[in-house]
Amino acid sequence: MVLEELANENETEQQSAQKMKEKLQKYTLEDLQKSKQFNEKI
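Residues numbered from 1 in each chain as written. Predicted model: local features only at pLDDT ≥ 70, side-chain atom pairs only at ≥ 80, totals over all residues. Heavy atoms only, no water.

Next up on the list: the overall build of the protein chain. If you tally the helices and strands in the protein chain, you get 1 helix and 0 strands. Along the three orthogonal principal directions, the C-alpha set of the protein chain runs to about 60 × 5 × 5 Å. Expressed as a percentage of the 42 residues in the protein chain, the buried residues total 0%. Per element, the accessible surface of the protein chain, about 4400 Å² overall, is 55% carbon and sulfur. Taken as two groups, the 7 positive and 9 negative side-chain charges of the protein chain have centres that lie 15 Å from each other. (Helix = DSSP H or I, 4+ residues; strand = E, 2+ residues; numbered from the N terminus. Buried < 20%, exposed > 50% of the residue type's maximum accessible area, 1.4 Å probe, protein only. Areas by Shrake-Rupley, 256 points an atom, 1.4 Å probe, with all protein chains shown as cover. Lys, Arg positive; Asp, Glu negative; His and termini not counted. Charge placed at Lys NZ, Arg CZ, Asp CG, Glu CD.)

What follows is the structure, given as structure tokens:
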């Protein structure tokens, strides 16, 4: 039972880490696009 709980917690942590990674990639990409647009206007 304890092992099942640990496995579930590990899976949840991995999902959370994946979601954070995806958000960081998304916002980084958006920032790059914004900076390119800004540089093109200059």
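Moving on, we come to the environment of Val2. Along the polypeptide, Val2 turns up in helix α1 (residues 2–41). Given a relative accessible area of 59%, Val2 falls into the exposed group.

A cluster of acidic side chains, namely Glu4, Glu5, Glu9 and Glu13, defines a negative patch on the protein surface. On the secondary structure map, Glu5 appears in helix α1. A relative accessible area of 46% means that Glu5 is categorised as partly exposed. (Patch = residues over 30% accessible without salt bridge, like charges linked within 9 Å, V, L, I, M, F, W, Y side chains within 5 Å. Salt bridge = Lys/Arg side-chain N within 4 Å of Asp/Glu carboxyl O.)

Attention now moves to a nonpolar patch on the surface. A cluster of nonpolar side chains, namely Val2, Leu3 and Leu6, defines an oily patch on the protein surface of about 340 Å² accessible area. Along the polypeptide, Leu6 turns up in helix α1. Its relative accessible area of 49% is what places Leu6 among the partly exposed residues.

The subject of this paragraph is the environment of Leu32. With respect to the secondary-structure elements, Leu32 resides in helix α1. For the pair Leu32 and Ala7, spaced 25 residues apart in sequence, the C-alpha to C-alpha distance is 37 Å.

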